[in-house]
Amino acid sequence: MATETKYIFVTGGVASSLGKGIISASLAKLLQARNYSVTIQKLDPYINVDPGTLNPFEHGECFVTDDGAETDLDLGHYERFLNVRTSQANNVTTGRIYKTVIEKERRGDYLGKTVQIIPHITDEIKRRIKLLGTNGNYDFVITEIGGTVGDIESLSYIEAVRQLKWELKNRCVCIHLTLVPYLAACGELKTKPTQHSVKALQEAGVQPDVLVLRTEHKLRPDIKAKVANFCNVQPGAVIESRDCSTIYEVPLEMQKEGLDKIVLEQLGIEVGPQPELLPWRSFLERYKNPKHHVKIALVGKYVELKDAYKSINESFIHAGAANEADVNVAYINAETVNKDNCESLFADIDGMLVAPGFGNRGIEGKIEAVRYARENNIPFLGICLGMQCAVIEFARNVLGLDDANSLEMDEKCSHPVINLMEEQKLVTEKGGTMRLGAYPCTLKDGSNAAKAYGSLEIEERHRHRYEFNNLYKEQFEAAGMIATGINPQTNLVEIVEIPTHRWFVGVQFHPEYKSTVLNPHPLFVSFVKATIENKK
Ligand code: GLN
């Protein structure tokens, strides 16, 4: 719609975890509802080239895009809110910036110049920001700067924003997100941290245009006026962002506060009528008024940190709403599961999901959990390592191959029913070397997967090194575990099912990455439906 791309920068102050990602995604949603094309980018200040090598305990789940980029979990929010795909260009880390600059230096591209943070690193940051605008033909590029203003590691990003504010003039808006804490002892909301955080931004040469204040309590008009006055922003540009019962309410709250309106005004764009967001509202309506209640066990090894399974959790919310069901996800630490406690751990569940993961820890507990779900006809969804555990369990307890395992867990096992993929055998580097991103898969007619998708050709995202060992396929199928999804090019088994079971599906790919509010993932929808029927 707009002729020239507009850039919106979102910075954060006072504390981390204020929800810049959700605010960015909500603003994007509101602009999208006004028929603008919008994309969101996350700049992460750490040195890792991407989060693929990070333990989920560090920053939560690693989100995978269609093009196989291992990215920050905020990209998952962007996709879930906007219902549009992101790519590698949407997530850049300091490591990636420096890697590019150092590679250029080694090639001799800098022609003998001293390579420095300013201008070379900042230029590379600016290039990555503007790239989305030039290549993607977007009306708006929202760039979320990770970290907190004042951190040493964010400095070059803030400097890049300062320079871009000059270059882009009226084509850019800076939004700064801060916290207004409530001090119970004196019963007051405190604005000083916000004032200090804006001052830190100003010292770096950046004047924010809009302030979003996170707060647990309503902000009185005089508090907003005070902040506006101290921080050099218009009173209308101080936006309150109160805690919501669900992140999916934030766009509606931001619309009430006029965040999209003030951004458009600042950019000199005609505001126009306020969009109704009807599909979004109807999702929330269903989500908040469930007719069914189901409990699904999520068996994994990172259960202490819910962010480690972010996309799975959100997929349950989307699929729950689609089924008018409240899905209560019970986190079960795989390491605590054994033959003797399954009965008590899983007595009241309506379904079970065994989670993705890497390495030996918790693996035997996951296998025991699968056995319980299989033997008790409990709807089961295994994702990636969860699917591999289902295969191992079936090999051991149905085929009688006692020593069956994945080569990842036991290199010497006599029945490697999960094998290292051929192309992985020579791989030594860890970063970005798995089978990553979207691959096609052909489904078997009549299978649960085919019924769920309503189509026989699908495409799903992957992140793994190991695969089902096709040497065992006939043996599995003869005993009742059927390969119902196959990669048409490589013959790799992508889905296994037990047709005699109520609903038992294991997938080598990650359906959770593709579930969005307006497009809940068909496998999750079908799985939740099976858990509701199981309950009856
Ligand atoms: N560790 C397994 C593999 O590499 C599964 C990976 C996953 O669950 N994402 O194949």
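My aim in this report is to walk through the structure given alongside it, one point at a time. (Residues numbered from 1 in each chain as written. Predicted model: local features only at pLDDT ≥ 70, side-chain atom pairs only at ≥ 80, totals over all residues. Heavy atoms only, no water.)

**Some words on helix α9 (residues 250–257)**
Phase 1: Residues of α9 that are buried include every one of V250, P251, L252, M254 and Q255, and no others.
Phase 2: Here the buried face of α9 lies against α1 (20–32), α3 (74–82), β11 (238–242), α10 (259–266) and α11 (278–288).
Phase 3: Once α9 finishes, G258 follows within two positions and takes phi at roughly 80°, a positive value. (Buried < 20%, exposed > 50% of the residue type's maximum accessible area, 1.4 Å probe, protein only. Helix = DSSP H or I, 4+ residues; strand = E, 2+ residues; numbered from the N terminus. Contact = heavy atoms within 4.5 Å.)

**Examining the pattern of salt bridges**
Phase 1: Scanning the model with the defined rule gives 44 salt bridges in all.
Phase 2: For R171, the salt bridge goes to E4, with nearest N and O atoms at 3.7 Å. Taken together, the residues span a long stretch of sequence, with R171 in the loop between α6 (155–168) and β7 (172–179) and E4 in the segment before β1 (6–12) at a distance of 167 residues.
Phase 3: Judged by its relative accessible area of 44%, E4 is partly exposed.
Phase 4: Residue E240 is joined to R242 by a salt bridge in which the shortest nitrogen-to-oxygen separation is 3.0 Å.
Phase 5: According to the relative accessible area criterion, E240 is buried, its value standing at 5%.
Phase 6: On the basis of relative accessible area, R242 is assigned to the partly exposed category, the value being 36%.
Phase 7: A single salt-bridge network, built from bridges that share partners, covers K339, E368, R371, R374, E375 and E393. (Salt bridge = Lys/Arg side-chain N within 4 Å of Asp/Glu carboxyl O.)

**Description of the packing of aromatic side chains**
Phase 1: Throughout the structure, instances matching the rule amount to 17 aromatic pairs.
Phase 2: Ring geometry for F81 and W280: centres 5.3 Å apart, planes at 45°, overall tilted. Remark: W280 occurs in helix α11 and F81 occurs in helix α3; sequence separation between them is 199 residues.
Phase 3: Relative to F476, the ring of F468 has its centre 5.2 Å away and its plane inclined at 70°; by these criteria the two rings are edge-to-face. Taken individually, F468 and F476 each receive the classification buried, so the pair is uniform in this respect.
Phase 4: Pairwise contacts between aromatic rings join F81, Y248, W280, F283 and Y287 into one cluster.
Phase 5: Geometry around Y439 places R435 over its ring, the cationic atom sitting 4.2 Å from the centre. (Phe/Tyr/Trp six-rings, centres within 6.5 Å; stacked < 30°, edge-to-face > 60°. Lys NZ or Arg CZ within 6 Å of the ring centre and 35° of its normal.)

**Re the packing of α1 against α3**
Phase 1: Where α1 contacts α3, the axes come no closer than 9 Å and their chain directions differ by 25°. Here α1 lies roughly parallel to α3, going by the angle between them. For the element pair α1 and α3, the recorded crossing hand is right-handed. Facing G21, I22, A25, S26, A28, K29 and Q32 of α1, the residues of α3 in contact are D74, H77, Y78, F81 and L82.
Phase 2: In terms of residue class, the contact of α1 with α3 is built from six nonpolar, four polar and two charged. (Axes fitted to C-alpha atoms, helices over the stretch in contact; angles between N-to-C directions. Parallel < 35°, antiparallel > 145°, perpendicular 65-115°, else oblique. Left-handed = near helix turned anticlockwise from the far one by under 90°. Nonpolar A, V, L, I, M, F, W, Y, C, P; charged D, E, K, R; others polar.)

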